[in-house]
Amino acid sequence: MLFCCKRHTGEVPAELCAVSVLTGLFMDGGLSCYAGCLTSVSPTTGGAAKCAPSAQEVGLCGFIAATNVQSVSPYTDWACDVSGYPATDPCAWDGIMCSGHAVVNFIVTGTVGSLPSAIGSLTDVSHLMLENSTFSGAIPTEIGCLTKLVNLVLEACTLSGPIPGTIGCLNQLTGLKLGQNSISGALPVSIGCLTELQRLGLEGNLIINPLPSSLDQLMKLKSLQLSSNYIAQAVPTSLGCLTGLQALTIASNCLTGQLPPELGCLSALTRLDLRSNKLTGPLPGALGALAALISLRLSSNSLAGMICGDLANYYYCVLHACIICFAAKPTLTLTLTPAFLLLVGTIPLAIVSMASLDKLYMDGNCLSGKFHIHCDAQRMLMRIATPTHNP
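As the structure is a computational prediction, the values presented were derived from the model and not from experiment.

About the thresholds
- Residues numbered from 1 in each chain as written.
- Predicted model: local features only at pLDDT ≥ 70, side-chain atom pairs only at ≥ 80, totals over all residues.
- Heavy atoms only, no water.
- Helix = DSSP H or I, 4+ residues; strand = E, 2+ residues; numbered from the N terminus.
- Buried < 20%, exposed > 50% of the residue type's maximum accessible area, 1.4 Å probe, protein only.
- Contact = heavy atoms within 4.5 Å.
- Areas by Shrake-Rupley, 256 points an atom, 1.4 Å probe, with all protein chains shown as cover.
- Patch = residues over 30% accessible without salt bridge, like charges linked within 9 Å, V, L, I, M, F, W, Y side chains within 5 Å.
- Salt bridge = Lys/Arg side-chain N within 4 Å of Asp/Glu carboxyl O.
- Disulfide = S-S within 2.5 Å.
- Expected span 1.5 Å × (residues − 1).
- pLDDT = per-residue confidence, 0-100.
- Pairing = 2+ DSSP bridges.

Visitor: Describe the overall build of the chain, and please don't skip the residues or the numbers.
Guide: For the chain, the count of helices and strands is one helix and 28 strands. Counting all 391 residues of the chain, 46% fall into the buried class. Taking contacts inside the chain between residues at least 6 apart in sequence as the whole, the part at least 24 apart equals 41%. Just so you have it, the chain exposes about 17200 Å², and 58% of that area is on carbon and sulfur atoms.

The structure is reproduced here in structure tokens:
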């Protein structure tokens, strides 16, 4: 005889053990039992019996077993018994938020241990945020089981190894932050499956080229951060397809070649940071069409040329060996110090005609010539820092 029950929790009644013909017990769907759970019950031993832990319980207790979360404040209320069951209601644990009995938010910081494969059992979680922890090993492939994830934050967690290809299964993900780890290898092609993604942070890792062409499928992406990695290739022209992109940072890599004119298609771009690479050649005139741009950083490359156009929205600009034509802006800071480039020759007269200029830093260069500075009674239009290195 089989006894099947649904939506029950806790222990199996001892009375069931008196049923001499009972050969198995199926529990489907409750907190303590998941679909397909089979527990044998002996009619001779009596006593109460439990189902095997549910998938959610496996995930929670697996994380406790793999980390020191119980000794980290404020998570000291987390506890599982020796059989792998939560000792108290997990929905009351700090860092856990539930909808009904299902864990939907899992937010824990500062733990030490590893990220267990059991984490993939928390299939109702929409926000998994474990930043500033110390995990050994890689992101488990089981992370791809969390298909309801909207935000995955594993920043500064000392993770290593490649990003698993199963990351592409998280098709509801809007935020993926894996910065400041030791993640290695190339980005998986499957990352292009994250078509809802808006923020992708991978800075400060050991990621190498090539950047997958599937990145151009991330049409909702607003922020792409890849700085401080080991990407040695040309800037992909396909990035120009990401017309909703507002921030693009690939600084401190080994990017080579010329800047593609396709970057001029990024009409929503406000911040572009490609400094400290090995970029060469002229600056594409298409950059002058980026009307929304407020921060442009191209220092420590081997670029040359001129950017002219409607750059009225620039707040801050650092260039290497470039000449810039600015339109009017109420407050503009222009930094041209040797930390970014060494200027040699005469001071360009075009600078003094920039009515928007508020601060100009040119110390430590080898410039000659004179400035003709105009001030009004209300405001100093320009502050010039020119110590002894300038004539």
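Visitor: Account for a nonpolar patch on the surface, with residues named and values stated.
Guide: Residues Leu206, Ile208 and Tyr230 make up a contiguous nonpolar surface patch of about 280 Å² in total accessible area. Among the secondary structure elements, leucine 206 is positioned in strand β14 (residues 206-207). Owing to a relative accessible area of 37%, leucine 206 belongs among the partly exposed residues under this scheme.

Visitor: Go over the state of the cysteines with me, naming the residues and quoting the values.
Guide: Applying the stated criterion across every chain, the model contains two disulfides. In this structure cysteine 145 is not part of a disulfide, and its nearest cysteine sulfur, from cysteine 169, lies 7.8 Å away. For cysteine 145, a relative accessible area of 40% puts it in the partly exposed group. You can see cysteine 193 has no disulfide; the closest cysteine sulfur is in cysteine 169, sitting 7.9 Å from it.

Visitor: If you had to explain helix α1 (residues 55-66) to someone new, which residues and values would you point to?
Guide: Compared with the 16 Å implied by 1.5 Å per residue over twelve residues, the 16 Å span of α1 between its first and last C-alpha is a close match. Within α1, the full set of buried residues consists of Gln56, Glu57, Gly59, Leu60, Cys61, Gly62, Phe63 and Ile64.

Visitor: Lay out the confidence of the model for the chain in plain terms, naming residues and giving numbers.
Guide: Summary statistics for the chain give a mean pLDDT of 77 and a share of 64% for residues scoring 70 or more. This model gives residues 1-9 a pLDDT under 50, and the stretch forms 26 contacts once residues within four places in sequence are excluded. Counting interchain partners and residues more than four positions distant, the pLDDT-below-50 stretch residues 20-48 has 80 contacts.

Visitor: How would you explain the environment of leucine 122 if you had to name every residue and give the values?
Guide: Here leucine 122 shows up in the loop between β6 (112-114) and β7 (127-129). Classification of leucine 122 by relative accessible area gives buried; the value is 4%. Linking leucine 122 and leucine 60, residues 62 residues apart in sequence, is a C-alpha distance of 7.7 Å. Dropping the residues within four chain positions of it, leucine 122 is found in contact with Gln56, Gly59, Leu60, Phe106 and Leu146.

Visitor: So, the pattern of salt bridges: which residues are in play, and what are the values?
Guide: Following the criterion strictly, the structure yields three salt bridges and no others. Where lysine 220 meets glutamate 196, a salt bridge forms, and the shortest distance between an N and an O atom there is 2.9 Å. Taken as a pair, lysine 220 in the loop between β14 and β15 (223-225) and glutamate 196 in the loop between β12 (182-185) and β13 (199-201) lie far apart in primary sequence, 24 residues in all. With a relative accessible area of 42%, lysine 220 lands in the partly exposed category.

Visitor: Give a description of the environment of glutamate 203 that names residues and reports values.
Guide: Tracing the backbone shows glutamate 203 in the loop between β13 and β14. Owing to a relative accessible area of 14%, glutamate 203 belongs among the buried residues under this scheme. Each C-alpha atom of the pair glutamate 203 and isoleucine 183 lies 9.9 Å from the other, and the pair is 20 residues apart in sequence. When near neighbours in sequence (up to four residues on either side) are disregarded, glutamate 203 contacts Glu155, Gly179, Gln180, Gln225, Leu226, Ser227 and Asn229.

Visitor: Requested: an account of the sheet that holds β12, with residues and values cited.
Guide: Pairing in this open sheet of three strands is parallel, and the strands run β10-β12-β14 from one edge to the other. Where the open sheet ends on each side, the last strands, each with one partner, are β10 (160-161) and β14. The pairing of β12 with β14 spans two bridges and is classified as parallel. Residue serine 184 lies in a different strand from β14, and its bridge partner there is leucine 206.

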